[in-house]
Amino acid sequence: MRYRHFPTVTLALGVVLLVDVLRVFLPAVITIFGQAASTPAELLGAFAFGWFLLALAAPALIRRVGARPVTLTAAVLLVVARLAVNGQPGGPLQLWFATAGLLAGLVWLAGAAATTDRPVPGLALGLAVGALLHTALDTYRSAFFGDWPAWLAAVAVSGLFLAGQARPASAAGPGGVRSWLLAGPALLLAGMVALSPAVARTATSYQFGLLRSDPADAVGVATVPLFGAAPLAVAVGGFLLAALASPRRGAWRWLGPVALVVGAVLVALERGELLLPAVLLSAVGLGACLASAGAADGGTRGGTDATGAPGPDHGGQDPAQGDGGGQGRAQDGGGQDPARAAGRRGYAATAGMLVFAVAAVAYYAAYDLGHPNAGVPVAVAVLVAAVALATRPAPPRGPARAGGAAGRPAPGPLRPSLPPVWTAASAAVLTLLAAVASDELLSASNRDGPPETVRVVAYNVRMGFGIHGRFDPDALARAAAGADVVALSEVDRGWLLNGGHDTLDLLAERLDMPYVFAPAADPLWGDAVLSRWPLDAARTRPLPAVGAPTGAQALGITVDFSEDVRLAVVATHLQPPPGEDPVVQARAVADFAVRYAAGRPLVVAGDLNTEPGDPAFAEFTRAGLVDALAAARPLPTSPADAPRQQIDHVFVTPDLTAGEAAAPPGTASDHLPVAVTLTLPRG
């Protein structure tokens, strides 16, 4: 590594660590601090937001103590907390380790801002490397979970990061405020859509799924893609190329902001077939906006040049402090106090992360509180675009200024700190290789003749998080082992709030079963059916909301056992308002299921949020369906650690004989799975 690239790489590694902490902190808030939807969403939001608010004190602390000791201390605490989270995957300790890591990361970010006036190359590289690592890990957990090779990688990354922090920082000029302000919004947009491998895979599965036999049958559903995260390579390459290249001038400056806003609007439309263009547009647009915001950074007295090499300094003085005696205070080329400039950058960085927190809470809390949230990513994109367009690129470097030091050039844009084309191409190729290597091709078993019995499992997987807040798809797979058909509820395919995992793909790979996914709340959250046998004729129907904030749907799919033996399966998750029985939704599902089956054997399975004897439960029996778990009653399934409620069910038509009903114990989710063996009708 060239010495001039070291500050950029150090900042990038810090961003990777901070993002990794956020991937643990955000789901820990809702699955450990909050328990099974019993904690008010307002309290969850206040807890999460409070730590970002507390970080506003960091710039004042830096000005009083100095940027170097505060930043180095925060960097050490960030690494220690991150490694501690690795050793504690779940439970209250994970929450508090992640919280400590988040606060340390925010303080480190403020310190990095105090000493860095050209952050765009480091920020962009950090976001791209984070996306690459998450792709290589198949979106599973973070870069630091796993066996000893992952621990070795963790130590190596942390060591490089701390080595970079130990290096004395060069004095910084007055620029960088706008760029640092965009750090938080850029992190949000990158994690929500632009650079998320889970979102890229889900987007590909909507448009290029391999199980689709008739496009008219599969409207609104997603199926198994081939190399699903591969489009992320284009997104990462386009993002880096736009962020590191010289920004456009004139009317061309509008291209990046317009692309970003259009991408956010496509996300807001909440249609699966629009996700792929949303990913590509928002990635390139976000990179271009970062480049525009950083166009006037650096290039002044006391700053680092665009390569990260030190420029004229302030006599070795910490740029976040004064001279202590009031004499000989160095000024930047515009006459601004370096300490004041450092403070402005620190407050800009922490304010940008406040934007991240407010937007994330506002977007995801809508699924508990019911307020509109589609405009949140659009509003953040408009903010980023406005900041980018408000920045005027500095004029080209010219002769020395009158009254300035001999030979000192006028401020202006400098050559990039990283070669744009080479960096973007390398990142794109590595991301593509990671996507291909980490993905698995799922195919239905080719068996001779139809089976006599089929094992069906219905499971609310709570986005992959267990009762103690641990994300463990291996445990979910063990709970569903031996199934021929699996109906899943609360499936998350890339929410940043839950760590950006594609829970469905992870579980499908472990079970070696293809899937069909139907969105409920938005294109990334809903229900799914997995099967060892070929699937066909997918249908999805939205259910009446009846005042509930989270959407609901019914997914119909046909399992083809060959020789004209078919089984209709309907997977759903009824979502009534709190304290109400989902009778309206149950009636809609029963009506849809009977019409979809059209006389074939039928299974209706899922988290129905109703108990035997309730009005909603009676809607299914009134439609001619039979409780397949009746012989094993009472069969409570929720909460998983002390089940009391019988709310997960399997209903079948009378021509299917049910046996061996069970709810296997476990804490891989906050629900227990229900399993039953069905004997298919002869002939």
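Structure first, text after, so check above.
Keep in mind that what you see is a predicted model, and the values were worked out from it rather than measured.

> Run through the pattern of salt bridges, naming residues and quoting values.
The full count for this structure, using the stated rule, is 16 salt bridges. Its salt-bridge partner being Asp474, residue Arg510 comes within 2.8 Å of it at the nearest N-O pair. On the criterion of sequence distance, the pair formed by Arg510 in helix H18 (residues 503-511) and Asp474 in helix H17 (residues 473-479) is long-range, its members being 36 residues apart. Look at Arg510 and you get partly exposed, because its relative accessible area is 29%. Classification of Asp474 by relative accessible area gives partly exposed; the value is 30%. Its salt-bridge partner being Asp627, residue Arg633 comes within 3.0 Å of it at the nearest N-O pair. Here the residues in one salt-bridge network are Asp138, Arg201, Asp439, Arg493, Asp502 and Asp505, joined through shared partners.

> Please set out the side chain of Thr558 residue by residue, giving values where relevant.
Locating Thr558 in the fold gives a position in strand S7 (residues 553-560). Exposure remark for Thr558: the relative accessible area of 3% places this residue in the buried category. One polar contact links Thr558 to Tyr596, side chain to side chain, over a distance of 2.8 Å. Polar contacts involving the side chain of Thr558 include one to the side chain of Arg600, which spans 3.1 Å. If we ignore the near neighbours within four places in the chain, the residues touching Thr558 are Pro534, Leu535, Asp536, Ala537, Arg566, Leu567, Tyr596 and Arg600.

> Tell me what's going on with the pairing of strand S13 (residues 674-679), and back it up with residues and numbers.
With five of six residues buried, S13 lies mostly within the body of the structure. Note: strand S2 (residues 453-460) against S13, six bridges, orientation antiparallel. Counterpart to Val456 in the pairing with S13 is Val676.

> Describe the environment of Arg462, with residues and values.
When you line up the elements, Arg462 lands in the loop between S2 and H17. Given a relative accessible area of 4%, Arg462 falls into the buried group. For Arg462 and Thr503, which are 41 residues apart along the polypeptide, the C-alpha to C-alpha distance reads 9.7 Å.

> I'd love a proper account of the sheet that holds strand S6 (residues 535-542), names of residues and values included.
The mixed open sheet is built from six strands, whose spatial order is S6-S7-S8-S9-S11-S10. Each end of this open sheet is capped by a strand with a single partner; those strands are S6 and strand S10 (626-627). For strand S9 (residues 602-607) and strand S11 (residues 648-652), the ladder comprises five bridges, and the chain directions are antiparallel. Bridge assignment links Ala605 to a residue of S11, and that residue is Val650.

> Would you mind going over the sheet that holds strand S4 (residues 515-522) in detail, with residue names and values included?
Backbone hydrogen bonds are what pair the strands of a sheet, in a parallel or an antiparallel way. Here seven strands make up an open sheet; going across it, the order is S1-S4-S5-S3-S2-S13-S12 and the pairing mixed. The two strands at the open ends of the sheet, each matched to only one other strand, are strand S1 (222-223) and strand S12 (657-662).

> How would you summarise the nonpolar core if you had to cite specific residues and measurements?
Counting residues in each nonpolar core, the largest one holds 146 residues, and the members touching the most others are Phe52, Trp180 and Leu488. Per-element tally for this core: the top contributor is helix H1 (residues 6-33), with 16 residues. Residues within four places of Leu488 in sequence aside, it is in contact with Tyr459, Val461, Leu504, Leu507, Asp527, Ala528 and Leu530. Among the nonpolar cores identified, the runner-up in size contains 34 residues, and Ala487, Ala628, Val652 and Leu678 belong to it.

> Give me the lowdown on helix H16 (residues 420-438), citing residues and values where you can.
The first and last C-alpha atoms of H16 sit 27 Å apart over 19 residues, in line with the 27 Å expected at 1.5 Å per residue. All of the buried residues along H16 are Pro420, Thr423, Ala424, Ala427, Ala428, Thr431, Ala434, Ala435 and Ser438. Taken end-on, H16 shows its buried residues confined to a sector of 130°, consistent with a single buried face. Of the exposed residues in H16, those oriented more than 90 degrees away from the buried face are Val421, Trp422, Leu433 and Ala437.

Rules used in this analysis
Residues numbered from 1 in each chain as written. Predicted model: local features only at pLDDT ≥ 70, side-chain atom pairs only at ≥ 80, totals over all residues. Heavy atoms only, no water. Salt bridge = Lys/Arg side-chain N within 4 Å of Asp/Glu carboxyl O. Helix = DSSP H or I, 4+ residues; strand = E, 2+ residues; numbered from the N terminus. Buried < 20%, exposed > 50% of the residue type's maximum accessible area, 1.4 Å probe, protein only. Polar contact = N/O pair within 3.5 Å; in protein donor to acceptor, adjacent residues only side chain to side chain. Contact = heavy atoms within 4.5 Å. Pairing = 2+ DSSP bridges. Core = buried A, V, L, I, M, F, W, Y, C linked by side-chain atoms within 4.5 Å. Expected span 1.5 Å × (residues − 1). Arc of directions from axis to C-beta.

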